[in-house]
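# Structural description and commentary
What follows is each chain in one-letter form.
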Amino acid sequence: MAEQILRDRRGIILGRIQTQATGVQVARDTRGIIVGRYDPQSNITRNAQGLQVGQGNLLSSLITGLH
């Protein structure tokens, strides 16, 4: 499982995006709580409640929108 760490300008961690073996990416906040998922096969990003946020990978927007 690959992991990308998102940081602000000061280097403070805002969250993480983990890529699963299936290609699905999961975004987590600094506490490790899931804030959204991106499925590359459907090209749809969903929030933690499963509601469609939009098309394309919008996970970094979900994480940075928390701060």
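This section reports on the structure supplied with the text.

We now examine the nonpolar core. Membership of the largest hydrophobic core is limited to 9 residues, which are Leu6, Leu14, Ile17, Ala27, Val35, Tyr38, Leu59, Leu62 and Ile63. Secondary structure elements with two or more residues in this core: strand E2 (13-19), strand E4 (34-39) and helix H1 (59-64). The element best represented in this core is H1, accounting for 3 residues. For leucine 6, the contacting residues outside a window of four places in its chain are Ile12, Ile13, Leu14, Gly15, Ile17, Ser60 and Ile63.

Further remarks concern the sheet that holds strand E1 (residues 2-7). Hydrogen bonding along the main chain pairs the strands of a sheet, whether they run parallel or antiparallel. Ordered in space as E1-E2-E3-E4-E5-E6, the 6 strands form an open sheet in which the pairing is antiparallel. For this open sheet the edge positions go to E1 and strand E6 (52-55), each flanked by a neighbour on one side alone. Across the sheet, the mean angle separating the axes of adjacent strands is 20 degrees when strand polarity is ignored. Pairing analysis gives 5 bridges linking E2 to strand E3 (residues 25-29), with the strands arranged antiparallel. Residue pairing for E3: arginine 16 is matched across the bridge by arginine 28.

So, about the pairing of strand E5 (residues 44-47). Pairing analysis gives 4 bridges linking E4 to E5, with the strands arranged antiparallel. Paired with arginine 37 across the strands is arginine 46, a residue of E5. Across 3 bridges, the pairing between E5 and E6 is antiparallel. Paired with threonine 45 across the strands is glycine 54, a residue of E6.

Each value, and the rule that gives it
- Residues numbered from 1 in each chain as written.
- Predicted model: local features only at pLDDT ≥ 70, side-chain atom pairs only at ≥ 80, totals over all residues.
- Heavy atoms only, no water.
- Core = buried A, V, L, I, M, F, W, Y, C linked by side-chain atoms within 4.5 Å.
- Buried < 20%, exposed > 50% of the residue type's maximum accessible area, 1.4 Å probe, protein only.
- Helix = DSSP H or I, 4+ residues; strand = E, 2+ residues; numbered from the N terminus.
- Contact = heavy atoms within 4.5 Å.
- Pairing = 2+ DSSP bridges.
- Axes fitted to C-alpha atoms, helices over the stretch in contact; angles between N-to-C directions.

Read these as geometric descriptors, not functional statements.
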